[in-house]
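Analysis of the macromolecular model
Single-letter residue listing:
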Amino acid sequence: MMGSSRDLAVGTVAVGSLLTGAMLSKDVNPNENLELYVHLAFTATFFAGLFEASLGLLRLGFIVDFLSHATIVGFMAGAATVVCLQQLKGILGLEHFTHATDVVDVLRSIFSQTHKSKRTPKFFWISAMAPLTSVVLGSLLVYLTHAEKHGVQVIGSLKKGLNPPSMTDLAFGSAYLMTAIKTGIITGVIALAEGIAVGRSFAMFKNYQIDGNKEMIAFGMMNIVGSCTSCYLTTGPFSRSAVNFNAGCKTAVSNIVMAIAVMITLMFLTPLFHYTPLVVLSSIIMAAMLGLIDYEAAMHLWTVDKFDFLVCMSAYIGVVFGSIQIGLIVAVALSLLRIILFVARPRTIVLGNLPNSKIYRNVEQYPIATTVPGILILEIDAPIYFANAGYLRERISRWIDEEEDKLRTAEKETTLQYVILDMGAVGAIDTSGISMLEETKKIVDRKELKLVLANPGSEVMKKLNKSKFMENLGQEWIFLTVGEAVSACNFMLHCAKPENHCRKDADADDTLNNNV
């Protein structure tokens, strides 16, 4: 009701369920204290909803964007692998199984109980069939053959009817409250990332926009209300939304229809699941989880961006060999590290002139671009902040030294006279960045060169003006384009020769004074 997506079908998802179960079962064993475990699940859902709604109200939706595509691909594959390993309990009929989620503990638990495994090979073929058919035929076979009396584990009795209100079950006073809060925040972020990504995907097909912050508020309120009505973490699963989309849904009313169908099942159809064998459910879950391991996406990451592939594999290995939290933390940390590297180590590019034009481009990307004698043109490819100011100062100084050495080695008559900084990609600058420009000017002045700025943005210009840097540099040395800056510098180089009479060249003089 509160969201903006027309196609999203809400419900529980495997990854959210796995996360909630794995994190809560570390502190509370559901087999020993089921009531507390369930109450903590409701409490975690409440805090997940509170966190999601708060992000939406404070318009902090950009936080979810830190879960990159590579992180989600690796995390989903790792989580799917862990879920598949956990289902071996049902398939092999093991009564005692580890609650750990890493592959080492799971395999140790399996091989330590090989003599206790209850093998029922004549029922294994069921898992190869479609899920609904498997449930129906599996339940029918167990009922007709009384297989539950011969070692085949079944679901057993399910309570009919709707679950009662759970507002009084929220464990705010529990000793495990921090566990519930931590679980709620982590699962809430994952649920948001998946739900919003799925909503945006289907909105793209129908050419409409969804409001990310509005979706967060909707997810948050849904989970807050759900925690008070015996529900746990809910988001927008891709598979259910795909079915909803293909069925031709037009509005979110389709979710009401689904809710009514679930309600009818709970009230009238639960006895039909009594004889459903657990091996069938385990096989269905494994089949569904294997579909989440996107090999093609991982190979695409390797082809396009090796660092993204590293992030993907870090998430996968962290989840499979460590834990879900470790995999998530490692992947997000690597993504943040990449962002920091982008900010702290921006590119500085030498520009050259494309033949028969006034266009200046990267000399490495365009081999036909030629540098201008006596002029070094550098493009700064990022905002200038405290994090990269020192690095940029060193890079610019190094470029100047390399250019001077190159000209000296070539024994050319022309020496370096001007350093032009193309500021077109500098969208913002802070006081550390301004100090960097002031120090760069001092370095250039000591070498008896001239610093020139080209195409600074309006915000950058305002700060440079307020800091008196423009006054110190001289407004006549700030130009609208690199081409104009080069023309002015060439004019001055031409004037420096004693045989030329520059004052007679009115057009060149106008070019010199054409500044921002």
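Just so it is clear, the model here is predicted, and its values are computed rather than measured.

A word on the pattern of salt bridges. Across all of its chains, the model carries 11 salt bridges by this definition. We note a salt bridge from Arg 338 to Asp 305, for which the minimum N-O separation is 2.6 Å. One end of the pair, Arg 338, is in helix α14 (residues 324-344); the other, Asp 305, is in the loop between α12 (295-304) and α13 (306-321), with 33 residues separating them in the sequence. Here Glu 403 and Lys 406 are joined by a salt bridge, their closest N and O atoms 3.8 Å apart. With Glu 403 and Lys 406 both in helix α15 (residues 386-410) and three residues apart, the pair spans about one turn of that helix. According to the relative accessible area criterion, Lys 406 is exposed, its value standing at 51%. It is possible to trace a salt-bridge network through shared partners that takes in Asp 305, Asp 308 and Arg 338.

Structurally, Asn 362 is set in strand β2 (residues 360-362). Looking at Asn 362, the relative accessible area reads 14%, which means it is buried. A distance of 3.0 Å separates a polar atom in the side chain of Asn 362 from the backbone nitrogen of Glu 364. Sequence-distant contacts of Asn 362, that is, excluding residues within four places in its chain, are made with Ile 349, Val 350 and Leu 351.

Now for the sheet that holds strand β5 (residues 450-454). With respect to topology, six strands assemble into an open sheet ordered β2-β1-β3-β4-β5-β6, the strand pairing being mixed. For this open sheet the edge positions go to β2 and β6 (478-479), each flanked by a neighbour on one side alone. For strand β1 (residues 348-353) and strand β3 (residues 375-380), the ladder comprises three bridges, and the chain directions are antiparallel. Following the sheet pairing, Val 350 is matched in β3 by Leu 378. α15 contacts β1, β3 and β4 (418-422) of the sheet and is inclined by roughly 155 degrees relative to β3.

Between helix α1 (residues 14-25) and helix α2 (residues 34-57), whose axes approach to 11 Å, the crossing angle comes to 130 degrees. Comparing the axis directions of α1 and α2 gives the class oblique. α1 and α2 meet at a crossing whose hand is right-handed. Contact with α1, carried on its side by Gly 21, Leu 24 and Ser 25, involves Tyr 37, Leu 40 and Ala 41 of α2 and no other residues of that element.

Another point: the pairing of β4. By the criterion of burial, β4 is predominantly enclosed, with five of the five residues buried. Taking every second residue as pointing to the same face, both faces of β4 are buried, with Tyr 418, Ile 420 and Asp 422 on one and Val 419 and Leu 421 on the other. Relative to β4, β3 runs parallel, the two sharing five bridges. Within the sheet, the bridge partner assigned to Leu 376 lies in β4 and is Val 419. In the sheet, β4 pairs with β5 via five bridges, with the strands oriented parallel. In the sheet register, Leu 421 faces β5, and the bridge partner there is Leu 453. Handedness of the β4-helix α16 (residues 431-446)-β5 crossover: right-handed.

To continue, consider unusual backbone geometry. With phi around 55 degrees, Arg 59 is a residue other than glycine that occupies positive phi space. Mapping Arg 59 onto the fold places it in the loop between α2 and α3 (69-86). Residue classification places Arg 59 among the exposed residues on the basis of a relative accessible area of 54%. At Glu 448, a residue that is not glycine, the phi angle is positive and equals roughly 60 degrees. Inspection of the secondary structure assignment puts Glu 448 in the loop between α16 and β5.

So, about the environment of Ser 323. Tracing the backbone through its elements, the reader meets Ser 323 in the loop between α13 and α14. Sequence separation of Ser 323 and Val 103 is 220 residues, and the distance between their C-alpha atoms is 9.2 Å.

The rules behind the values
- Residues numbered from 1 in each chain as written.
- Predicted model: local features only at pLDDT ≥ 70, side-chain atom pairs only at ≥ 80, totals over all residues.
- Heavy atoms only, no water.
- Salt bridge = Lys/Arg side-chain N within 4 Å of Asp/Glu carboxyl O.
- Helix = DSSP H or I, 4+ residues; strand = E, 2+ residues; numbered from the N terminus.
- Buried < 20%, exposed > 50% of the residue type's maximum accessible area, 1.4 Å probe, protein only.
- Polar contact = N/O pair within 3.5 Å; in protein donor to acceptor, adjacent residues only side chain to side chain.
- Contact = heavy atoms within 4.5 Å.
- Pairing = 2+ DSSP bridges.
- Axes fitted to C-alpha atoms, helices over the stretch in contact; angles between N-to-C directions.
- Parallel < 35°, antiparallel > 145°, perpendicular 65-115°, else oblique.
- Left-handed = near helix turned anticlockwise from the far one by under 90°.
- Right-handed = clockwise from strand over helix to strand, strands pointing away.

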